[in-house]
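Okay, here's what each chain looks like letter by letter:
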Amino acid sequence: MTKYSALSVFRHALSGNKNWGRAWRDPEPKSSYDVVIVGGGGHGLATAYYLAKEHGITNVAVVEQGWLGGGNTGRNTTIVRSNYMMPGNTMFYERSMQLWENLSQDLNYNVMISQRGQYNLCHSPGQMDAARRRGNIMRANGIDAELFDREEVKRRLPYLDYSENARFPIHGAIYQSRAGTARHDAVAWGYARGADQRGVDILQQREVTGYLWDGGKIVGVQTNRGDIRAQKVALCVAGHSGHLAHMAGLRLPVETHSLQAYVTEPYKPLVDTVISFGAAHFYISQSDKGGLVLGGDLDMYNSYAQRGGLPIVEHTLASAKALMPCVSRLKLLRHWAGVMDMSMDGSPFITKTPVDGLYLNGGWCYGGFKATPASGWCFAHTIAKDEPHEDNAEFTLDRFNRGYQIDEKGMGPQPNAH
């Protein structure tokens, strides 16, 4: 890895950074690879990194139609947590949380993880009972969880609305202290540099337009800049999973939706944690620059467009004001949307597909960013070993045929629930 002294950093800065070395190569593709990963977001780059680091498989290409991190990795609210309770999800997301906690050291790249904690607010006695059950399951699996009553939440978060006329009365909250945020761009860049240093080829501006076949087996991909052969092809394309699978003759149990996020003008330090507001499906944190980062619900219509509609803007900002009246005069600087494939039970797929040579990582719904490390780790294991790790053993396509859904209620609605 290139080393820079303080003097060289100063000299390069004055030169307009013209002499900086590339963080990763821009290679010409080889004629064939052991594995081609379609999708250069966090999940695809993490998969490539762990294939090389954990399994010694370095003859790998990551094929990205745009630029690295230009999809959902750069279009989310950066929250990381492991407060899941359903078998199949619980230990998977805890593995991800453990990987997050050491990711900067592992990559030798600061991903700016901030374990500022997360509060899931409860607005009724029934929600408090559900939170108590979730917390007990988490603690039984060695995952941190605390249940706070209204007075404790008010002491910790005094800027919320606790008045008698509050639209959503606060009864308490379940809290995970190890949860928090991470810098989404840095995650993509860190995994890209780590994979490149281990010999992975990162091929940007190459759109996959089809597959190469040998009988009934996929043996590579067709792109707008030529064919690339591979022994295995792995899909990590977020909201475009259904589109890419359709090219291989697969119909996935997913719908693609837009999910918006927002940031306000900078404000004095106020929100030093992450707050989830389940009654309105709203969440808020504060960035290092001072802007309040807001997230809301799906637009509830199918779309591949990275933009959202005004009704959800209104819904989200109304939720912010109902929860925190003090933010009502802040200006909204910008809003954006990512596209994601929503599975019918709210849980993902990390699995071999029925098509020989094709592997799938998708269906992440609301959980994609927080899952990035474990997703890559488990998908790399599945590709290398041709069998799942125990942490992703339930994330199969055939669970719907078997009638076994991982229905994680309380962690975000699914598209068929509306």
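In the block above lies the structure referred to throughout.
Residues numbered from 1 in each chain as written. Predicted model: local features only at pLDDT ≥ 70, side-chain atom pairs only at ≥ 80, totals over all residues. Heavy atoms only, no water.

## Digging into the overall build of the protein chain
Heads up, the condition is: We count a stretch as a helix when DSSP gives it H or I for four or more residues in a row; a strand needs E for two or more, and each element gets its number in order from the N terminus. Only C-alpha atoms enter the radius of gyration; for comparison, a globular chain is expected to reach 2.2 Å times N to the power 0.38, where N is the number of residues. Only protein chains enter the area calculation, which uses a 1.4 Å probe; residues under 20% of their type maximum are buried, those over 50% are exposed, and those in between are partly exposed. Should any heavy atoms of two residues lie within 4.5 Å, those residues are considered in contact. Note on areas: Shrake-Rupley, 1.4 Å probe, and residue coverage restricted to the protein chains presented here.
Helix and strand content of the protein chain: 11 helices and 18 strands. The C-alpha radius of gyration computed for the protein chain amounts to 22 Å, which stays within 12% of the reference 22 Å derived for 418 residues, consistent with globular compactness. Based on the C-alpha atoms only, the size of the protein chain along its principal axes is roughly 70 × 60 × 40 Å. Residues classed as buried in the protein chain amount to 56% of the 418 residues present. Across the protein chain, contacts joining residues at least 24 apart in sequence account for 75% of those joining residues at least 6 apart. Surface accessibility of the protein chain: about 18,300 Å² in total, with carbon and sulfur atoms responsible for 49%.

## Some details on the packing of aromatic side chains
We apply this condition: Stacked, edge-to-face and tilted are the three classes for Phe, Tyr and Trp ring pairs, Trp counted by its six-membered ring, which pair at centre distances within 6.5 Å; planes under 30 degrees apart are stacked, over 60 edge-to-face, the rest tilted. For a lysine, the NZ atom is tested; for an arginine, the CZ atom; a charge sits over a ring if that atom is within 6 Å of the ring centre and within 35 degrees of the ring normal.
Following the criterion strictly, the structure yields 14 aromatic pairs and no others. Residues Y84 and Y93 carry aromatic rings whose centres are separated by 3.9 Å and whose planes lie at 5 degrees to one another, so their mutual orientation is stacked. Taken individually, Y84 and Y93 each receive the classification buried, so the pair is uniform in this respect. Through a chain of ring-to-ring contacts, three or more aromatic side chains come together here, namely Y84, F92, Y93, W364 and F395. One Lys or Arg, R95, reaches over the ring of W377 and ends 4.1 Å from the middle of that ring. Sitting over the ring of Y175, R156 keeps its end group 5.4 Å from the ring centre.

## Section: the sheet that holds strand β5 (residues 146-149)
Rule in force here: Note on pairing: DSSP must find at least two bridges between two strands before they are called paired. Orientation is described by lines fitted to C-alpha atoms, with helices fitted over the stretch in contact, and by angles between N-to-C directions that extend from 0 to 180 degrees.
Across the sheet, which stays open at both edges, the 8 strands sit in the order β5-β6-β4-β13-β14-β15-β12-β16 with mixed pairing between neighbours. The sheet is open, and its two borders are formed by β5 and β16 (332-343), each paired with just one other strand. For this sheet, the mean inter-axis angle between neighbouring strands, taken without regard to orientation, is 25 degrees. Across 4 bridges, strand β14 (residues 282-286) lies against strand β15 (residues 291-302) in antiparallel orientation. Counted as the bridge partner of I284 is L294 from β15. On top of the sheet, helix α5 (residues 125-140) reaches β4 (118-122), β5 and β6 (172-176); it is set at about 20 degrees to β6, its chief contact. Each of β4, β12 (254-266), β13 (274-277), β14, β15 and β16 is contacted by helix α9 (residues 310-323), which is oriented at about 140 degrees to β15, the strand it contacts most.

## Quick look at the packing of helix α3 (residues 90-101) against helix α10 (residues 372-385)
Note the following rule: Here is the rule for angles: anything less than 35 degrees is roughly parallel, anything more than 145 is roughly antiparallel, 65 through 115 is roughly perpendicular, and the remaining ranges are oblique. Residue classes follow a fixed rule: Ala, Val, Leu, Ile, Met, Phe, Trp, Tyr, Cys and Pro count as nonpolar, while Asp, Glu, Lys and Arg count as charged, and any other residue, Gly among them, counts as polar.
One way to put it is that α3 packs onto α10 with a least axis distance of 7 Å and a crossing angle of 110 degrees. Judged on the interaxial angle alone, α10 and α3 are roughly perpendicular. Counting all contacts with α3, which are made through F92, R95, S96, L99 and W100, the residues of α10 involved are T372, P373, A374, S375, W377 and C378. The residue makeup of the contact of α3 with α10, split by class, is 7 nonpolar, 3 polar and 1 charged.

## Re the side chain of R399
What counts is decided by this rule: Contacts described as polar in this section are N or O atom pairs within 3.5 Å, which, within protein, must combine one atom able to donate a hydrogen with one able to accept it, while residues neighboring in sequence count only if both atoms come from side chains.
Take R399: it is sitting in helix α11 (residues 399-402). For R399, a relative accessible area of 0% corresponds to the buried category. There is a polar contact of 2.8 Å between the side chain of R399 and the side chain of D345.

## Considering the pattern of salt bridges
Oppositely charged side chains are able to pair whenever their charged atoms sit close together. Basically, it comes down to this: Salt bridges are defined as contacts in which a side-chain nitrogen from Lys or Arg sits within 4 Å of a carboxyl oxygen from Asp or Glu.
A complete count under the given rule lists 18 salt bridges for this structure. Taking the shortest distance from any N to any O, the salt bridge between D201 and R25 comes out at 3.1 Å. Taken together, the residues D201 in strand β8 (residues 201-203) and R25 in the loop between α1 (6-14) and β1 (32-38) connect sequence positions 176 residues apart. When the shortest N-O distance is used, the salt bridge between E54 and K53 registers 3.0 Å. Overall, the relative accessible area of 38% leaves E54 in the partly exposed class.

## Quick word on unusual backbone geometry
With phi around 50 degrees, C365 is a residue other than glycine that occupies positive phi space. In this fold, C365 is placed in the loop between β18 (358-362) and α10.

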